[in-house]
Amino acid sequence: MWELYSPNGTICIAVFKRGGGLYYTVRRAGNTVVEASRLGLESDLEDFTGGFCFQGEERSSIDETYSLPAGKKAVYENRANELTLRFLCGAYVFALCLRAYEDGAAFRYQILSDREQAMKVRREATCFRFPESYRELWLQSWVSSYEGTYDRSGWEDKEGRDYGMPALFHSQENGWAMITEAQVYNTDGSYCSCHLRGAGANSMRLEFAPEEEGRPLSCKLPFRSPWRVIVVATDLDQLVNTTLNYNLNPPSAQQDTSWIKPGRCLWAWWEYENGAQLYTEQKRYVDFAASIGFEGLTVDADWDITWLKELCDYAHKKGIVVWLWSAMQYIDTPALAEEKIGLWAGCGVDGLKVDFFQNDSQHTMWQYEMIAEVMTRYHLMINFHGATKCMGEGRTWPNLLAAEGILGLEHYKWSDLPDARHNCTVPFTRNVIGPMDYTPTGFSNKNRNTTLAHQMALPVVFESGASHIAASIYYLEAWKGTDFLRRMKPTYEEVRVLDGFPGHHAAIMRRSGEEWLIGCITDKAMTLRLRLDFLPEGEFEAEIYEDDSSGELMRVHTRRVTRTDVLELVLLNSGGAGIYIAREIQALPKGVCSGYMSEQRTEYFARDAKRTQGSEPVLYENGQEAVLLNGGLLFTVTHTACSQTVRLFYAAREAWTLRIGDGASSIVMKIPKSGSDKIFITKDVTFPFAGKESALLLQRTGGAVPAIEKIHIIDNAPPREIYVSVGSGQLCGGAEIVKDAEGVEKAVGLGAGGELLFEQIVLPEDGYYLLRFDYCAGESRDLDIEINRERIYRTNLHNTAGWGFPCWNVKDQREVRVKMQKGENSIRLYNQKGHVVHLYGFAIARDQD
């Protein structure tokens, strides 16, 4: 028998021969964690599961620390003892490399050779057999996207079933164990990602990716397998703090990491799937991110290359980094990756969200590395989506800040998940092995099954180097929970589990200097008592965010605390809370305030306005005041004679109709719902003020009764625009004008010979203009735009029907940035390669920062 102990002697991994084969065990403090389990692999060169003849051993130790631009904590400790056992197996030298850490053990297989030789690996014999005391399991039924729940169960019915990693096991006597793997997709495609299969008798065995379809892996000598990892922890805090899979990966070759900028990102897709089609919408998100002190913006699918560089320039002026979405299929070869990634980097993009891998094959592992290497060379940050599990490769590529491989918030769009139980499980399963892009904090969906404080706490409970907040800027500006998000930091020095149990509740603390953020979430209603003994000596101030009794409003209060205090939090069913602690509570962080978030604004509270026609005041449980707009609200305002933005802050369960007027002008428009009588949102109305002091009257003329909290009048009205309807153009090639169900004209039959030409479009000056197309589409289709018979722009108008059955009656918009001239212009719309969507018309506005 050969034994290897961790530096402090806590963990022991032992190897012995039995019946010609090799087996191993893992013990912690003398207690068995993994019972005798098989080792080895089969290949076309030799069967490396038996016939071992011992040749020798080498022992060494590892003692180092390292830091990453983003991660669980400021310093990662890599301290282990290593043992390599060499065996003669047939004509080949088989080596088993083992490492023992204080929080686990790992091993890998090597076949030594002085010359390169092809080899097919048919299977691994690797097995993990647990003692009877490990009765509780949290397993994810294997799915290629790793977007499934981690279900709590026992060992029954596991044999023959496939499960993803990580897999979590619990013993009342011995604590926690987790199985995963490390160093897979940074090895030049030398192996596939693996999963587990129930093998009976409290055991799991390793299986190759289903996408290999039973084919052997194409490897070569000299050979090294990925690391097989067993994390062993006494408690959940030690489990969450493990960096074992990162330690097992090679360090980065990057000396300068100053270009890697972790942080919180805004993201329009959750609320508005086609939001990336609109340049002006993305600029509004930049404005909001900068104004509240966030770090980034993620531009999801269907952005337009005509304005990408301008958006990046605009964002960088305000200190905002830009992440860009791409399907991996767009960059899945070296030639495509070099072409596209180089182009996007040249536009100023800071990071890529690369989507739709959903494949664990050996070839796909090579694609991950190929894409990561090209992105790193261009100094782009990485977020892999539709991706495999994290296996510690973020040490090799410190720009790998986030990855999906998690059942996240987007699943609400087609299911009733995620729920609070799932959210309380993944901090102790998926998030243990690496950052996860769950896209937390969304609450506008009808099927929301948690409270708003639960949603607010998620970005602190979950770890990600690029935390994408799902809620739109229109909810965030009106929501008190946004203040807690503003307290968050782009990175933290320490993480600690203050309390929790998988699937039941989680209270996670993250520290940055002398500031502490605590996120608390629960599945069932409970009273959570948090000891503050992690604080230094002295007195501190705590800002506490809790649910009201409905779970839809935030109660915020402050109190003085010391390290001897115990905070008692009453959490609702599927509820949560957030706590910010500092020596003294400082003003909320902010950045550049301009554009959509211009500070040239005046605030008017509804409580101070004159109520008319039966409008009544309302006082919410959290002290928030509003007026129920049964009739009207009269504000006395003073503004210059020009168009300005009136921003409404309101809550409405359903849509309603607003009339706004000042005696000289009047506008009627439909206002969207916020989804609840207590969840507030904003909506902008561009209004032509007459000037001087005037009475601004808001009236509800139909629909739901909204609660108006306040209005802002902002000097940031959009530029004037020209609208061109399809009826003013010249059709040819079979295209025609029809009326939709509402009697509005639209052009159909464009493309495949059908064209629409507009002449004598008169503009005041040379320069770049935005064309904002109004259209409907049951499927995505291309559009060619020819300007003045010389410049051609090609774009794609995305499906407007969403996830449902294709339909052609849902309107949406897309913006394209084009160069036009002073005086007369012509615009020709067509598609040489197929059909075009149904077009209603387009607006033309001067592009201006």
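Structure report, in brief. Because the structure is predicted, anything quoted here is derived from the model rather than measured.

Here the focus is the overall build of the protein chain. Helix and strand counts for the protein chain stand at 10 helices and 58 strands. The globule rule puts the C-alpha radius of gyration for 849 residues at 29 Å, and the 30 Å found for the protein chain is close to it. Seen through its C-alpha atoms, the protein chain measures out along the principal axes to roughly 95 × 70 × 50 Å. At a minimum sequence separation of 6, the contacts of the protein chain that also span at least 24 residues come to 72%.

With that out of the way, let us pick up the layout of surface pockets. Estimated volume of the second largest pocket: approximately 620 Å³. Lining the second largest pocket are 29 residues, and of these Glu 477, Asp 483, Glu 603, Phe 649 and Lys 710 lie nearest its centre. For the lining of the second largest pocket, the secondary-structure elements that each account for two or more residues are helix 3 (279-291), helix 10 (482-487), strand 37 (601-605) and strand 47 (707-714). Residue composition of the lining of the second largest pocket, by class: 11 nonpolar, 6 polar and 12 charged.

The next point concerns the sheet that holds strand 52 (residues 755-763). If you trace the 5 strands from one edge of the open sheet to the other, you get 49-52-57-54-55, paired in antiparallel fashion. Of all strands in the sheet, those with a lone pairing partner are strand 49 (730-732) and strand 55 (791-797), marking the two edges. Geometrically, the sheet is characterised by an average inter-axis angle of 20° between neighbouring strands, direction not taken into account. As defined by bridge partners, strand 49 adjoins strand 52 across 3 bridges and the pair is classed as antiparallel. Residue Gln 730 lies in a different strand from strand 52, and its bridge partner there is Leu 757.

What follows is about the state of the cysteines. A complete count under the given rule lists 0 disulfides for this structure. Here Cys 12 stays free of any disulfide, with the sulfur of Cys 97 as its closest cysteine sulfur at 16 Å. Left without a disulfide partner, Cys 194 is nearest to the cysteine sulfur of Cys 192, which lies 4.1 Å away. With relative accessibility at 0%, the residue Cys 194 sits in the buried group.

Glancing now at the sheet that holds strand 46 (residues 692-703). The strand order across the open sheet formed by 5 strands is 38-41-46-43-44, and the pairing between neighbours is antiparallel. Two strands in the sheet have a free side with no partner beyond their single neighbour: strand 38 (610-612) and strand 44 (666-671). When strand polarity is set aside, the average angle formed by the axes of neighbouring strands in this sheet is 25°. Relative to strand 46, strand 41 (residues 632-639) runs antiparallel, the two sharing 8 bridges.

This part takes up the nonpolar core. Among the nonpolar cores identified, the biggest contains 143 residues, and Phe 384, Phe 635, Val 646, Leu 648 and Leu 696 are the most heavily contacted of them. In this view, Leu 696 contacts Leu 633, Leu 634, Phe 635, Val 637, Val 646, Ile 660, Gly 661, Asp 662, Phe 687, Phe 689, Ile 711 and Ile 713; residues no more than four positions away in its chain are not counted. Within the second largest apolar cluster, 55 residues are counted, among which are Cys 192, Leu 196, Met 204 and Leu 206.

In total, this model carries 60 salt bridges according to the counting rule given. In this structure, Glu 765 engages Arg 846 in a salt bridge whose closest nitrogen and oxygen atoms are separated by 3.4 Å. With a gap of 81 residues between them, Glu 765 in the loop between strand 52 and strand 53 (767-776) and Arg 846 in strand 58 (residues 838-846) connect regions that are remote in the sequence. On the accessibility criterion, Glu 765 (38% relative accessible area) is partly exposed. Asp 784 serves as the salt-bridge partner of Arg 794, at 2.7 Å between the closest nitrogen and oxygen.

So, on to empty space enclosed by the protein. Overall, the coordinates contain 8 cavities of 30 Å³ or more when judged by the stated rule. There is about 160 Å³ of room inside the largest cavity. A volume near 120 Å³ is recorded for the second largest cavity. In terms of lining, the second largest cavity is formed by 19 residues, of which the most central are Ala 70, Gly 71, Tyr 76, Tyr 246 and Pro 435. Elements that contribute at least two residues to the lining of the second largest cavity include exactly helix 2 (244-247) and strand 27 (400-403). Counted by class, the lining of the second largest cavity contains 10 nonpolar, 7 polar and 2 charged residues.

Summed over the entire model, instances satisfying the criterion amount to 49 aromatic pairs. When the ring of Trp 2 is compared with that of Phe 87, the centres are 5.6 Å apart and the planes differ by 90°; the resulting orientation is edge-to-face. Taken together, the positions of Trp 2 in strand 1 (residues 2-5) and Phe 87 in strand 8 (residues 76-89) put the pair 85 residues apart, joining distant regions of the chain. Each member of the pair, Trp 2 as well as Phe 87, is classed as buried. Ring centres 6.1 Å apart and planes at 35° place the aromatic pair Phe 130 and Trp 155 in the tilted group. In this pair, Phe 130 is assigned in the loop between strand 12 (127-129) and strand 13 (134-141) and Trp 155 in the loop between strand 14 (151-153) and strand 15 (162-171), connecting sequence segments 25 residues apart. An identical accessibility class is assigned to Phe 130 and Trp 155; each is buried.

What counts as what
- Residues numbered from 1 in each chain as written.
- Predicted model: local features only at pLDDT ≥ 70, side-chain atom pairs only at ≥ 80, totals over all residues.
- Heavy atoms only, no water.
- Helix = DSSP H or I, 4+ residues; strand = E, 2+ residues; numbered from the N terminus.
- Rg over C-alpha atoms; globule rule 2.2 N^0.38 Å.
- Contact = heavy atoms within 4.5 Å.
- 1 Å grid on protein atoms, 1.4 Å probe; cavity = no way out; pocket = protein on both sides within 12 Å on 5 of 7 lines; lining within 4 Å.
- Points joined across faces, edges and corners; volume = space filled by probe spheres on them.
- Nonpolar A, V, L, I, M, F, W, Y, C, P; charged D, E, K, R; others polar.
- Pairing = 2+ DSSP bridges.
- Axes fitted to C-alpha atoms, helices over the stretch in contact; angles between N-to-C directions.
- Disulfide = S-S within 2.5 Å.
- Buried < 20%, exposed > 50% of the residue type's maximum accessible area, 1.4 Å probe, protein only.
- Core = buried A, V, L, I, M, F, W, Y, C linked by side-chain atoms within 4.5 Å.
- Salt bridge = Lys/Arg side-chain N within 4 Å of Asp/Glu carboxyl O.
- Phe/Tyr/Trp six-rings, centres within 6.5 Å; stacked < 30°, edge-to-face > 60°.

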